[in-house]
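# Structural features, examined
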Amino acid sequence: NCDIDTRKARLPDALVCIGDQGGEMIKLFKAKPPRKRVYIHVGVGKTGTSALQAFLSSNADALEQLGLSYPFREALVTITSGTCSGNLVHVMAKHAAADRFPAQVSGLVEKYLTKVIDDAIEAAQKDTVILSGECIARYLPPKILTYFKGLARRHDVTFVGFVRDVYDLTLSRWKQAVKTGKGGNLPDVFDRMLQQGLTSLSNLCLLINAGLDVRVR
């Protein structure tokens, strides 16, 4: 006999019980979530990321009509101010604010990224889902890479990254930092880049080397 309380039981994705109750064969199971096509835009920074994210949020309804979901769009005031961060980062930031958690990239990724991605895919009304967050290129710890491997087994996942000449990219980042008084000496900045490489590009390589589907332009 099967004595599982279906109101309390946590049912796995597969069949969990077949039994005889009152002369009737019963089956308890939870349907597997539908497999979706997921595109994850990871940056890198200074490659038109904010403009692309603004376009996606502004045209989320039109994309929906074409069968593409861009869940958790950003607010109009964010779009018009040119401060878009993508439908992943702004949701993580909201969680952090509610939890009074420090809003640093590494902390946000470690604590919230997997939940936000899972929630976004579940919330998507269409079978094709677009997600965006350059935080992934900036910070990619081993546990997140492992999560992505599992995600790629549950869904058809493609990572999309845009790159540019490393010297031009470094100069652009330096100019941005100068605006906030953090630019430093430009020759030193280039020396560090040559010695340490660029984290965002290295993380793209990690995704590729993990055997994930990565498209770089």
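Everything discussed here concerns the structure shown above.
Cut-offs applied
- Residues numbered from 1 in each chain as written.
- Predicted model: local features only at pLDDT ≥ 70, side-chain atom pairs only at ≥ 80, totals over all residues.
- Heavy atoms only, no water.
- Helix = DSSP H or I, 4+ residues; strand = E, 2+ residues; numbered from the N terminus.
- Buried < 20%, exposed > 50% of the residue type's maximum accessible area, 1.4 Å probe, protein only.
- Contact = heavy atoms within 4.5 Å.
- Areas by Shrake-Rupley, 256 points an atom, 1.4 Å probe, with all protein chains shown as cover.
- Axes fitted to C-alpha atoms, helices over the stretch in contact; angles between N-to-C directions.
- Parallel < 35°, antiparallel > 145°, perpendicular 65-115°, else oblique.
- Left-handed = near helix turned anticlockwise from the far one by under 90°.
- Nonpolar A, V, L, I, M, F, W, Y, C, P; charged D, E, K, R; others polar.
- Pairing = 2+ DSSP bridges.
- Core = buried A, V, L, I, M, F, W, Y, C linked by side-chain atoms within 4.5 Å.

## Digging into the overall build of the chain
Helix and strand counts for the chain come out as 10 helices and 7 strands. A total of 217 residues make up the chain; the buried ones form 37% of that total. By sequence separation, contacts in the chain at least 24 residues apart represent 67% of the contacts at least 6 residues apart. Within the structure as shown, the chain displays about 12,800 Å² of accessible surface, and the carbon and sulfur contribution to it stands at 53%.

## A closer look at the packing of helix H5 (residues 105-123) against helix H7 (residues 142-154)
The contact between H5 and H7 brings their axes to 10 Å, and the two run at 15°. If you check the angle between H5 and H7, you find them roughly parallel. The interaxial crossing formed by H5 with H7 has right-handed handedness. Side by side, H5 and H7 meet where Val-109, Glu-110, Leu-113, Thr-114, Ile-117, Asp-118 and Ile-121 of the first sit next to Lys-143, Ile-144, Tyr-147, Phe-148, Leu-151 and Arg-154 of the second. Grouping the amino acids of the contact of H5 with H7 by side-chain chemistry returns 8 nonpolar, 1 polar and 4 charged.

## Considerations on the pairing of strand E6 (residues 156-161)
Within E6, 5 of the 6 residues are buried, which leaves the element mostly enclosed by the surrounding structure. In this sheet, E6 lies alongside strand E3 (residues 37-41) in parallel orientation, the contact comprising 5 bridges. Within the sheet, the bridge partner assigned to Arg-37 lies in E6 and is Asp-156. Judged from the 3 bridges that link them, E6 and strand E7 (residues 214-216) form a sheet pairing that is parallel. Of the residues in E7, the one forming a bridge with Gly-161 is Val-216.

## Comments concerning the nonpolar core
Counting residues in hydrophobic clusters, the biggest one holds 39 residues, and the most contacted among them are Ile-40 and Phe-148. With 8 residues, H5 is the single largest residue contributor to this core. The residues touching Ile-40, leaving out its near neighbours within four places in the chain, are Leu-131, Ile-136, Phe-148, Leu-151, Val-157, Thr-158, Phe-159 and Val-160. Counting residues in each nonpolar core, the second largest holds 5 residues, with Leu-56, Ala-60, Leu-63 and Tyr-70 among its members.

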